[in-house]
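Descriptive structure summary
Read off the chains here:
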Protein chains: 2
Amino acid sequence: MNEQIKALCCEYDIKFTTARFSILMVLKKASQPMNYEQIKEKMDSAMDKATFYRNIALFEEAGMVHKFEGDDRKWYFELSGKTHAHFICEQCHRIICMDVDFGEVEGEVKSIVLKGICKACQS
Amino acid sequence: MNEQIKALCCEYDIKFTTARFSILMVLKKASQPMNYEQIKEKMDSAMDKATFYRNIALFEEAGMVHKFEGDDRKWYFELSGKTHAHFICEQCHRIICMDVDFGEVEGEVKSIVLKGICKACQS
DNA sequence: TATTTTATGCAACTTAGTCGCAAAGGAGAT
DNA sequence: ATCTCCTTTGCGACTAAGTTGCATAAAATA
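What counts and how
Residues numbered from 1 in each chain as written. Chains lettered and ligands numbered in written order. Predicted model: local features only at pLDDT ≥ 70, side-chain atom pairs only at ≥ 80, totals over all residues. Heavy atoms only, no water. Buried < 20%, exposed > 50% of the residue type's maximum accessible area, 1.4 Å probe, protein only. Helix = DSSP H or I, 4+ residues; strand = E, 2+ residues; numbered from the N terminus. Pairing = 2+ DSSP bridges. Near = heavy atom within 4 Å. Polar contact = N/O pair within 3.5 Å; in protein donor to acceptor, adjacent residues only side chain to side chain. Nonpolar A, V, L, I, M, F, W, Y, C, P; charged D, E, K, R; others polar. Axes fitted to C-alpha atoms, helices over the stretch in contact; angles between N-to-C directions. Parallel < 35°, antiparallel > 145°, perpendicular 65-115°, else oblique. Contact = heavy atoms within 4.5 Å.

A separate point is the pairing of strand β3 (residues 85-89) of chain A. Residue and element names in this part refer to chain A. The buried fraction of β3 amounts to five of the five residues, a majority that puts the element mostly inside the structure. Of the two faces of β3, the one lined by Ala 85, Phe 87 and Cys 89 and the one lined by His 86 and Ile 88 are each fully buried. Pairing geometry for β3 and strand β4 (residues 95-98), over four bridges, is antiparallel. By the bridge assignment, His 86 is partnered in β4 with Cys 97. The loop that links β3 with its antiparallel partner β4 comprises five residues; one of these, His 93, has a positive phi angle of about 65°. Alignment of β3 against strand β5 (residues 108-117), held across five bridges, turns out to be parallel. Following the sheet pairing, Cys 89 is matched in β5 by Gly 116.

All right, on to the protein's contact with DNA strand C then. Taken together, 18 residues form the shell around DNA strand C, and within it Tyr 53 and Trp 75 of chain A together with Thr 17, Ala 19 and Arg 54 of chain B come nearest. Here, DNA strand C places atoms within 4 Å of the protein, and 60% of those atoms are sugar or phosphate. Tyr 53 of chain A is positioned such that a nitrogen or oxygen atom in its side chain is 2.3 Å from a phosphate oxygen of DNA strand C. Here a base oxygen of DNA strand C sits 2.7 Å away from a polar atom, N or O, in the side chain of Arg 54 of chain B. Grouping the amino acids of the surface near DNA strand C by side-chain chemistry returns six nonpolar, three polar and nine charged.

This part is about the packing of helix α1 (residues 2-11) of chain A against helix α2 (residues 18-29) of chain A. Residues and elements named next belong to chain A. Between α1 and α2, the least distance of the axes is 10 Å, while the angle of their chain directions is 110°. Between α1 and α2, the crossing angle belongs to the class labelled roughly perpendicular. On α2, the residues touching Asn 2, Gln 4, Ile 5, Leu 8 and Cys 9 of α1 are Phe 21, Leu 24, Met 25 and Lys 28. The class makeup of the residues in the contact of α1 with α2 is six nonpolar, two polar and one charged.

Read these as spatial facts, not as claims about activity.
Right under this line is the structure:
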């Protein structure tokens, strides 16, 4: 895992540091987009908010990480991969990843967020 | 116009007040989703933040108004209509309304926000 | 008109995220 | 190894959109 993360940093031309390692470690293990608090909880060692956000901004600029805003006004982060949509339920606040395609549209799409009421909450 | 807005309130079972009239007047004239500041500027008389947000929340619950978050962490509001997507350019921050369809998906979709770089900024 | 309910305005508050700055850590030169 | 320079980290103060409590004003009801 350690090596994979180093490789990831290398690929995106980002210097490897312990703080960055901690963040990427959590994101790599994650099966869902996560916000700062959630990531912090999963980290082995504490990390300052400022450090976290600065590094996340770096990852994002490099295109390594992708973010979007949840229903709770918090940023959610995930490692970049195949572009997919996130459905956010306004009732249970769950985030559901889903594949979606609507041909080519206005420019380059980086994030797709749908909000509404999920199937589970509807019934 | 006055009558149209009264009718709108009536339709959604919302009591007609001057504050509500001011907000709806601006939204009805708008050709774009607008945030609190923008709406406030366009209003004839001043209105308190709290009053604005409370009424907007009311409209939203009733399904009369629809909101989403822009690239600047501000809420943007518009009168409900045909469900459409908003493309937000991360560079010029413009909001572009667009029709989009991707069949039926997870539950009931209320808002669709795409982020990325618009055509104008790409070239 | 009196009473109750609802809407408004003000001010204080909340909180995710940001910024300035000083200290710690690392890479390269001597 | 030590010195220097540059980057990264952590702390604390700050920002600002939106929220909440409470007192007043307006409207509905009796």
